[in-house]
Amino acid sequence: MAVPVLFFALFFAYPVVAIVGRGLRAGGEWQFGRIGTVLSRPDILDVLWFTTWQAVASTALTLLVALPGAYVFARLRFPGKQLLRAVVTVPFVLPTVVVGTAFLALLGRGGFLDELWGVRLDTTVWAILLAHVFFNYAVVVRTVGGLWSQLDPRQEEAARVLGAGRFAAWRQVTLPALGPAVAAAALMVFLFTFTSFGVVQILGGPAYSTLEVEIYRQTAQLLDLPTAAVLTLVQFAAVGGILALHAWTVRRRETALRLVDPAQTSRPPRGAGQRALLGGVLLTVLVLVLLPLGVLVERSFDTSAGHGLAFYRALQSADANGSTFLVPPLDAIGNSLRYALVATLIALVIGGLAAAALTLPQAGRLVRGFDALLMLPLGVSAVTVGFGFLITLDEPPLDLRTSWILVPLAQALVGVPFVVRTMLPVLRAVDDRLREAAAVLGASPLRVWREVDLPLVRRAVLVAAGFAFAVSLGEFGATVFIARPDNPTLPVAVARLLGRSGELNYGQAMALSTILMLVCAASLLLLERIRTDRSGEF
């Protein structure tokens, strides 16, 4: 645990505590009265209210749309199922900047709906809600569908033999078994939407602001650190409560259930009802997932002179963008790939060590409690972390402000939770007797890990690497503060282009977003080929 604890203490706890402390201290004294002052402001209360209710609405809408998909992927067998499973997971690993850009191309001024029917939904709450459903659809499908596919269908069939109708049997037998999984999925969706940043910033405009967006505005634009510090504390407390609830639901999910091989529960659709449900889910995936991505790709080729590669060619020149970039935007691709590869290696080392420590028989309550703390980077303001990097890692021996390693370190913070969550179930499933037998034969602990654990978790390591690479590639909240102007990442480059007017800047943003989407999709398709049923779910 020493290395993971040191890593999180230096690159997560220290920057967050420092930035909050700087905001709440004045003249060497703590000013806790600022908390009440900030939270009593009408504009801040509006932000808190909007953050909460849009997260609740997004979660409810996601469950409503995605639960039928969870059933279809769990219980029905149809051609192209594995490919479609990978397709619906693509949005989850896409950067929020790309998601916002895709819906801007679909719903914004001059977008697909505007040209077709004269309808614009950008700068409305509906655009935000739809983008959140797009982003989190796979969370429900994977989390709920993974358990649903392993539930023994004979229990529900027995209830029907005893006289229960189809819906009554599902409500009284299947739904209680799925309840913890549904609750866990709902809490994760709520967490992601409660801390939403890129989607709200791009689609909401100045009229809508979540806590994360407001922290960014107070920090980067208004330089009001006291207000940003109070909002960070509020978000930290809320995320801590959400994660505590999530841990409780996970423990409930681990209660004894009659589980079977997923191959035994799936069958071709039977009857008009199941075929209609399959058709409805396919239509939902087409409209909700493929249409925004397709419009994004189409807009990257749509120039004033007709469809062509002009926007892609312009990415090769910094002069085409005026003062937006010091280097050609195309350089951001190489920067992002290098940063993401280094961040993935860091995340695998830190996350692998943490997962291994959490599975040790002698791991006490304190060590197990660290498991929940590893999830905090997913919910704590990335803006706070990024700005904290700038004000804390500026003195020897940790003067890293001008070092390229700063960006991979910030990205690895987001990748570590995915590595731990992927590897932990597989490591816990390894029979301890194998390790004990190797130790009796004289193997050292390191050799036991190399000869026993590693061969069994190799696939899980590859899956974890795929997730860590994808989320590192798309990290935006912290990177926007620390990426140097001469070495921008893809999400930062997209945000800069969208922040400037003009057809060329907009088109290049679409082109870069398309490239980023394709890289993330390729990573996910590779992950889908190597995943196992146990390690491939999240």
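Thresholds, definitions, all that
- Residues numbered from 1 in each chain as written.
- Predicted model: local features only at pLDDT ≥ 70, side-chain atom pairs only at ≥ 80, totals over all residues.
- Heavy atoms only, no water.
- Helix = DSSP H or I, 4+ residues; strand = E, 2+ residues; numbered from the N terminus.
- Rg over C-alpha atoms; globule rule 2.2 N^0.38 Å.
- Buried < 20%, exposed > 50% of the residue type's maximum accessible area, 1.4 Å probe, protein only.
- Contact = heavy atoms within 4.5 Å.
- Polar contact = N/O pair within 3.5 Å; in protein donor to acceptor, adjacent residues only side chain to side chain.
- Axes fitted to C-alpha atoms, helices over the stretch in contact; angles between N-to-C directions.
- Parallel < 35°, antiparallel > 145°, perpendicular 65-115°, else oblique.
- Nonpolar A, V, L, I, M, F, W, Y, C, P; charged D, E, K, R; others polar.
- Salt bridge = Lys/Arg side-chain N within 4 Å of Asp/Glu carboxyl O.
- Expected span 1.5 Å × (residues − 1).
- Patch = residues over 30% accessible without salt bridge, like charges linked within 9 Å, V, L, I, M, F, W, Y side chains within 5 Å.
- Areas by Shrake-Rupley, 256 points an atom, 1.4 Å probe, with all protein chains shown as cover.
- pLDDT = per-residue confidence, 0-100.
- Core = buried A, V, L, I, M, F, W, Y, C linked by side-chain atoms within 4.5 Å.
- Phe/Tyr/Trp six-rings, centres within 6.5 Å; stacked < 30°, edge-to-face > 60°.
- Left-handed = near helix turned anticlockwise from the far one by under 90°.

Visitor: Describe the overall build of the protein, and please don't skip the residues or the numbers.
Guide: Within the protein, the regular secondary structure consists of 23 helices and 4 strands. For the protein, the C-alpha radius of gyration of 24 Å lies close to 24 Å, the compact-globule estimate for 538 residues. With the C-alpha coordinates aligned to their principal axes, the bounding extent of the protein is approximately 70 × 65 × 50 Å. A total of 538 residues make up the protein; the buried ones form 53% of that total. The long-range fraction of contacts in the protein, counting pairs at least 24 apart against all pairs at least 6 apart in sequence, stands at 79%.

Visitor: Please set out the side chain of S209 residue by residue, giving values where relevant.
Guide: Structurally, S209 can be placed in the loop between α10 (198–203) and α11 (211–221). Residue S209 is classed as buried on the basis of its relative accessible area of 14%. Of the polar contacts made by the side chain of S209, one reaches the side chain of E214; its length is 3.1 Å. Leave out the neighbours within four places in its chain, and S209 touches V47, F50, T51, V200 and E214.

Visitor: Explain the packing of helix α7 (residues 125–148) against helix α13 (residues 271–301) to me, using residue names and the numbers behind them.
Guide: It is the contact of α7 with α13, at a shortest axis distance of 11 Å, that shows an interaxial angle of 110°. Looking at the two axes, α7 sits roughly perpendicular to α13. Between α7 and α13, the residues in contact are L130, V133, F134 and Y137 and V281, T284, V285, L288, V289, P292 and L293, respectively. Looking at the contact of α7 with α13 residue by residue, the class counts come to 10 nonpolar, 1 polar and no charged.

Visitor: Go over the pattern of salt bridges with me, naming the residues and quoting the values.
Guide: On inspection of all chains with the given rule, the structure shows 6 salt bridges. In this structure, R299 engages E115 in a salt bridge whose closest nitrogen and oxygen atoms are separated by 3.3 Å. Remark: E115 occurs in helix α6 (residues 112–117) and R299 occurs in helix α13; sequence separation between them is 184 residues. Given the relative accessible area of 6%, R299 is considered buried. E115 sits in the exposed class, given a relative accessible area of 55%. With a shortest N-O distance of 3.3 Å, D486 and R484 are connected by a salt bridge. Accessibility expressed as a relative area gives 37% for R484, which makes it partly exposed. Bridged by salt links that share partners, the residues E115, E298, R299 and D302 form one connected network.

Visitor: Any details on helix α4 (residues 81–93)? Residues and values, ideally.
Guide: For α4, with 13 residues, the first-to-last C-alpha span of 19 Å sits near the 18 Å given by 1.5 Å per residue. Counting buried residues along α4, 10 of its 13 residues qualify, which places the element largely inside the surrounding structure. Looking at α4, one finds that the buried residues are K81, L84, R85, A86, V88, T89, V90, P91, F92 and V93.

Visitor: How would you summarise a nonpolar patch on the surface if you had to cite specific residues and measurements?
Guide: Residues F112, L116, W117 and V119 make up a contiguous nonpolar surface patch of about 400 Å² in total accessible area. Here F112 shows up in helix α6. Overall, the relative accessible area of 30% leaves F112 in the partly exposed class.

Visitor: Break down the confidence of the model for the protein for me, citing the residues and quoting the values.
Guide: Scored by pLDDT, the protein comes out at a mean of 81, with 91% of its residues at no less than 70. Across the protein, the secondary-structure element scoring lowest on mean pLDDT is helix α16 (residues 365–373), at 66, and the one scoring highest is helix α3 (residues 42–75), at 92. Confidence over residues 532–538 falls short of pLDDT 50; this stretch has 22 contacts with residues more than four positions distant or in other chains.

Visitor: An account of the nonpolar core is needed here, citing residue identities and associated values.
Guide: Judged by nonpolar contacts, the single largest core of 165 residues is most densely connected at F7, F8, L94 and F389. In terms of residue count, α7 provides more of this core than any other element does, 16 residues in total. Apart from residues no more than four positions distant in its own chain, F8 is found in contact with A13, I350, F370, L374, P377, L413 and V416.

Visitor: Could you give an account of the packing of aromatic side chains, with specific residues and numbers?
Guide: Within the structure shown, the criterion is met by 11 aromatic pairs. Pairing F8 with F12 gives two aromatic rings, centres 6.3 Å apart and planes at 70°, and the pair type is edge-to-face. Taken together, the residues F8 and F12, both in helix α1 (residues 2–24) and 4 residues apart, mark about one turn of the helix. This pair shows no difference in class: F8 is buried, exactly as F12 is. On the numbers, 6.4 Å between centres and 55° between planes, the contact of F11 with F389 is tilted. Placement of F11 in helix α1 and of F389 in helix α17 (residues 382–392) is noted, with a sequence separation of 378 residues between them. Each member of the pair, F11 as well as F389, carries the same accessibility label: buried. Among the aromatic side chains, those forming a connected cluster through ring pairs are F7, F8, F11, F12 and F389.

Visitor: Explain the packing of α3 against α7 residue by residue, including any values.
Guide: The geometry of α3 relative to α7 is characterised by a closest axis approach of 6 Å and an angle of 45° between their N-to-C directions. With respect to α7, the axis of α3 lies oblique. In this structure, the crossing between α3 and α7 has a hand that is right-handed. Looking at the contact of α3 with α7 residue by residue, the class counts come to 21 nonpolar, 7 polar and 1 charged.

Visitor: Help me get a handle on the environment of G379, residues and values and all.
Guide: Residue placement: G379 occurs in the loop between α16 and α17. For the pair formed by G379 and G240, sequence separation is 139 residues and the distance between their alpha carbons is 8.5 Å. If we skip the residues at most four places from it in the chain, G379 touches L191, T195, Q235 and V239.

Visitor: Let's hear about the environment of V281: which residues, and what values?
Guide: Summarising the element assignment, V281 is placed in helix α13. Among residues more than four places away in sequence, those in contact with V281 are P68, G69, V72 and Y137.

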